[in-house]
Amino acid sequence: MPYQKINNIVGWVVFGVATLVYFLTVEPTASFWDCGEFIAVSYKLEVPHPPGAPFFLLVGRIFSMFAGGDVEKVAYWINISSVLFSGFTILFLFWSITTLAHKIMGIKNGSGSNQENMRIILAGIIGSFAYTFSDSFWFSAVEAEVYAMSSFFTAFVVWAFLKWELIEDEQKANRWLIMIAYTIGLSIGVHLLNLVTIPALALLIYFKKRQKKTTLKGMLATFAIGGVILVVIMEGIIPGLPSIAGKIEVFFVNSLGFPFYSGAIFFVILFLGAILFGILYSIKSNNPIANTIMLSFTFIIIGYSCYTLVLIRSNYNTPIDENNPENLISFVSYLKREQYGSRPLFYGNYYDAELIDQKRGAAVYAKVTKKSPEEKDRYEIVDYKLEQKYDPKRSTILPRMYVSGSDAEYRQIVGLKEGESPSFSHNIIYLFKHQIGHMYMRYFMWNFAGRESDIQNAGWVTPLDALKKLPEELKKNKARNNYLMIPFLLGIIGLFYHQKKDKRTFSVVMMLFLMTGLILIGYLNPPPVEPRERDYIYVGSFYFFALWIGFSVLAISEFLSKFFKNKYTPIVVSLFLTAPCPILMAKENWDDHNRSHRYFSVDSAKNFLASCAPNAILFTGGDNDTFPLWYVQEVEGFRTDVRVVVLSYFNTDWYIEQMYRDAYLSKPFPFSLDPLNYRQGGPNDFVVVQEMESLKNNSISLTQYLKLVKENHPAILVTNSISSYNSIPTKQVFVDVDTADVRKKNIVPAYLQEMVADKFSINISGRILEKKDLAILDIINTNKWERPIYFNLTSLSGIGLNLKGSVIQEGTVYRLLPLNVPSEKTTLVNPEVMYDNLINKCYWRGLQDPNVYLTEDYRNFVLNSRSVFNVLAEVLVQDNQKEKAKTVLLKSLEFMPDTSIMYDHFTLRLVSLLLEVDEREKAIKIAETMSKRADEMLIYFKDNTTMDPNEVQKNIIILNELSQMFKQIQENQLATKYEELFRKHYEVFQKRMEL
């Protein structure tokens, strides 16, 4: 059989195996982080967070149609799109390895002997399967995120360039370049990561054109040209073209008096005309190079044009319409991700630099539609970007330690003392120790050596770690994987072999490896604390290392050929030496990458909504609180009467404006202020607390204050050299309450009726009110307790208002009520409503199955749920409803058993409550399990040089609490046992901490 046919068949078999693996382990619904958002916006073609991913959304929308109207299958089918794109990534990796292997071995494609062809095919199989089962890539392959599709585009472009290099016919080769350009254009609509490969791939063009006349100077010049192309695409095309169009649009509307979009239409006609002229001129002048460049540029633009989806859909005011990029002005801000700020790259300040000046920067425009015949449509300046100048003595080249407020984290990483300022040497230590060491090399070794666990900031493992005796908690952590460093060692062998055999292609692969790894981390300049692990960003780097794992087959078989006369024996031996690599990776990684039957990301969101009364307003905090909520409402249509409000967005005018509109079954919010009062750049971007002496410890009417705000009254206006802002003269406001109406609504439990007052007081926590705080006050004041208002736990701590004494728990959320409770330490609960919500209305799918893998994110949500059950049981015990409390505790153990989610620190309270409801046997059994695990963990930390102080503290507290608990019920034998364990470990770690 001809080699080419074998190569194609084996490639498709590898694709089939990889796709089957991902198909079997794919998540059936929306997982945590951005997946819930991406599935929701794909299903209805809405507008996601900047800078958007329109091509991903279009593909996701197509795949969602395979659900056949079953909304609970939509997420599954969009996840399947990642499965397929990941499978194709492996396919093109296989073909890239086999193509490069021919160059390394110095033979023409398909012209090798049987033995050579076998070595090449085996190299492709080992390398592609090693990447198939790698930790970070497998993670992205089974969820609806952009990284699987982005990896596909990277793999396809690299393979296409390798194929282009083999084509001798100039005309056919140029067609491939145009196709590559179109692919790059489409990839912009997915993610920008694969664009960083352009400078390295430019070297392939140089090597082909120059043949044997290559020089270091020529290579560097080519790499620089590739860098210029990258900058042109990332700065000149992506935000640059819309920016130019936006400036022309403002000029046409404001200066020439033309209607909206006239300037944009003029720019489009002018731009397309220029492209057409360039193409026709290149044809007329018979210049194939110019023609190829113009066509390539055109096809990049055609691919990039998928971004029109964002503009079109935003103009329809979809329920999810982040940043509202419905005109060119807001669209440019959207593309530039301006809401996330920027990170210094080559020059900037240290984190402790003093702010010495602030100036007005570029103007920020907003679209203003005429309200009367006398007025004109226009773009109005509503704000100015703020330019901040820091002490130049505390600035540096290559700034790495720049995040204000992260002093403690920086000190811990580089060893600074309290109050000590960082120097450039500390800056470099941080670069190598944290950014390169912790944020890249740790992830690299996760993929090719092994991983300690799935706990945040977990390290990597060595073969010696396989010999360690592990405590049960670590032993049962499915993400603890050890590959005995076999993939890493094979990759190193392949790297050196590649460098020795073919320096040209080695330089290309090495630059691809560096551009998507170390150079990328230098560009991203990560801060000291991230909300989640970011290994998925660097999968491109791991992809190119997998090439070298494949090349290790060539190296080993070539080396062994010196010792065997039979030409096939070295190939067989190399197979036995390298095959354990992907096999071991598959075995170790299967259990922690198998997401089948995992539903609690969606169920936790449903539990939030199920705990809310009809027509509620629910305030949420972080991504994992919010994005699953968007999914269940937008896709599954679950509880669309509840309006979800994301507090981080509630500081923006575009998001507040959306709350003035209907959303499914949810009516507009009862605001008293106008959208203009919330506009960016206005006096309410933040409100400063300036307490008047006469009003100290006194409150003012919120209704009266909001009237002053609405009128932009000069009595509360404060002006400085840069802007004007409103102030508030006291830290306490009140809302008048119709107590008879509140009691009539029956929203306050009977035991709290006496705490309902005719004036509901609200305290301001800090020195300023952010825009979101003002909006919340506005809603509370005008709502009159008509619509139920709820907060989840993260949102309560994320506002500048102290409402903790006025909320009552009704499930997994807290309801705001007009209560003035004397002590905020008291946990207020509506036991009847909460019992019904938790036992009858909430969802707990898959938590009873020990085979379902729950990551740390999932486990944290489960732990919070355990705490909620404990709170309810505690209130029932206090109310002398022990049988009902027992039911709650037993349901907690049934819904969230230890076999699936190991007991945690919240279980201490569960043990105490079980004792109170006369479930002594269960309580002792759980206590024994917890004490045993705490003892094992503390012994493990004692025997290891590295330890997590928080984990040590947690386990010592567990032993101490158990000791005290059993002392109180006079179980002296158990109390003594736990106290001895506590004292043993406490003394050891106290001495260790002192050292």
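See above for the structure.
In this report, the structure presented in the accompanying data block is examined.

Another point: the pattern of salt bridges. Within the structure shown, the criterion is met by 47 salt bridges. A salt bridge links R845 to D603; its shortest N-O distance comes to 2.7 Å. In this pair, R845 sits in the loop between α32 (831–841) and α33 (856–878) while D603 sits in helix α25 (residues 600–610), placing the two residues 242 residues apart along the sequence. By relative accessible area, which is 31% here, R845 ends up partly exposed. Connected via shared salt-bridge partners are E27, E143, R595 and R598.

Moving on, we get to the pairing of strand β7 (residues 617–620). Alternating positions in β7 separate into two faces, I617 and F619 on one and L618 and T620 on the other, with burial throughout. Examined bridge by bridge, β7 and strand β8 (residues 643–646) share four bridges and lie parallel to one another. Each bridged residue has a counterpart across the sheet, and for F619 the counterpart in β8 is V645. With respect to chirality, the unit in which β7 leads through helix α26 (residues 623–634) into the neighbouring parallel β8 is right-handed. Judged from the three bridges that link them, β7 and strand β16 (residues 789–791) form a sheet pairing that is parallel. Residue I617 lies in a different strand from β16, and its bridge partner there is I789.

Among the residues making up helix α28 (residues 702–710), those that are buried are L702, Y705, L706 and V709. All buried residues of α28 fall inside an arc of 100° around its axis, so they share one side. Measuring from the backbone nitrogen of T703 back to the side-chain oxygen at the start of α28 gives 3.4 Å, which picks out S701 as the cap.

Moving on, we get to the sheet that holds strand β17 (residues 801–802). Spatially, four strands are ordered β10-β13-β14-β17 in an open sheet, and the strand pairing comes out mixed. Of all the strands in the sheet, the pair left with one neighbour each is β10 (700–701) and β17. As paired strands, strand β13 (residues 732–736) and strand β14 (residues 759–764) are joined by five bridges and run antiparallel to one another. Pairing of F734 across the sheet is with S761, part of β14.

In this section: the sheet that holds strand β12 (residues 724–728). Strand order in this open sheet of four strands is β11-β12-β9-β15, and the pairing throughout is mixed. Edge positions in the open sheet fall to β11 (717–719) and β15 (768–770), since each of these has one partner strand only. Taken pair by pair, the neighbouring strands of this sheet meet at an average axis angle of 35°, ignoring direction. As judged from the three bridges shared by strand β9 (residues 686–689) and β15, these two strands associate in the antiparallel manner. By the bridge assignment, V687 is partnered in β15 with L769. This element, helix α30 (residues 771–783), spans β9 and β15 of the sheet and lies at about 80° to β15.

Let us look at helix α5 (residues 114–132). Between its terminal C-alpha atoms α5 stretches 26 Å, which fits the 27 Å expected from 19 residues at 1.5 Å a residue. Summarising burial for α5: 15 of the 19 residues are buried, a large majority.

Take the packing of α33 against helix α34 (residues 882–895) next. Direction vectors running N to C along α33 and α34 enclose 170°, while the axes themselves pass 8 Å from each other. One element, α33, and the other, α34, form an angle in the roughly antiparallel class. Together, R866, F869, N870, L872, A873, L876 and V877 of α33 and K882, K884, A885, V888, L889, K891, S892 and F895 of α34 make up the contact between the two elements. Partitioning the contact of α33 with α34 into residue classes produces nine nonpolar, two polar and four charged.

Bringing the environment of S342 into the picture now. Mapped onto the fold, S342 is located in the loop between α15 (328–335) and β1 (347–349). The class for S342 is exposed, based on a relative accessible area of 71%. Placed 155 residues apart in sequence, S342 and Y497 show a C-alpha to C-alpha distance of 41 Å.

In this structure, the amide linkage connecting P50 to the following residue, P51, adopts the cis form with an omega of 0°. Within the secondary structure layout, P51 lies in the loop between α2 (35–44) and α3 (54–64). Its identity as a non-glycine residue notwithstanding, N286 has a phi of 55°, on the positive side. Looking at the element boundaries, N286 is found in the loop between α12 (262–284) and α13 (288–304). According to the relative accessible area criterion, N286 is exposed, its value standing at 68%. In the Ramachandran plot, N746 falls in the positive-phi region, its phi being about 60° despite a non-glycine side chain. Tracing the sequence through the fold places N746 in the loop between α29 (739–745) and β14. Given a relative accessible area of 61%, N746 falls into the exposed group.

Looking now at the packing of aromatic side chains. A ring pair, where both rings are aromatic, is described by two values, the distance of the centres and the angle of the planes. Under the definition given, this model contains 83 aromatic pairs. Look at Y76 and W77: their rings are 5.6 Å apart centre to centre, the planes differ by 80°, and that puts the pair in the edge-to-face class. Seen from their ring centres, F506 and W548 are 6.0 Å apart, and the 35° between their planes marks the pair as tilted. Of the two residues, F506 sits in helix α20 (residues 503–515) while W548 sits in helix α22 (residues 539–560), which places them 42 residues apart along the sequence. With respect to burial, F506 and W548 carry one shared label: buried. Every member of this aromatic cluster is reached through a ring pair, and the members are W12, F15, F55, F85, F88, F92, W95, F152, F153, F156, W159 and W176. Sitting over the ring of Y76, K73 keeps its end group 5.8 Å from the ring centre.

Quick notes on the rules
- Residues numbered from 1 in each chain as written.
- Predicted model: local features only at pLDDT ≥ 70, side-chain atom pairs only at ≥ 80, totals over all residues.
- Heavy atoms only, no water.
- Salt bridge = Lys/Arg side-chain N within 4 Å of Asp/Glu carboxyl O.
- Helix = DSSP H or I, 4+ residues; strand = E, 2+ residues; numbered from the N terminus.
- Buried < 20%, exposed > 50% of the residue type's maximum accessible area, 1.4 Å probe, protein only.
- Pairing = 2+ DSSP bridges.
- Right-handed = clockwise from strand over helix to strand, strands pointing away.
- Arc of directions from axis to C-beta.
- Polar contact = N/O pair within 3.5 Å; in protein donor to acceptor, adjacent residues only side chain to side chain.
- Axes fitted to C-alpha atoms, helices over the stretch in contact; angles between N-to-C directions.
- Contact = heavy atoms within 4.5 Å.
- Expected span 1.5 Å × (residues − 1).
- Parallel < 35°, antiparallel > 145°, perpendicular 65-115°, else oblique.
- Nonpolar A, V, L, I, M, F, W, Y, C, P; charged D, E, K, R; others polar.
- Phe/Tyr/Trp six-rings, centres within 6.5 Å; stacked < 30°, edge-to-face > 60°.
- Lys NZ or Arg CZ within 6 Å of the ring centre and 35° of its normal.

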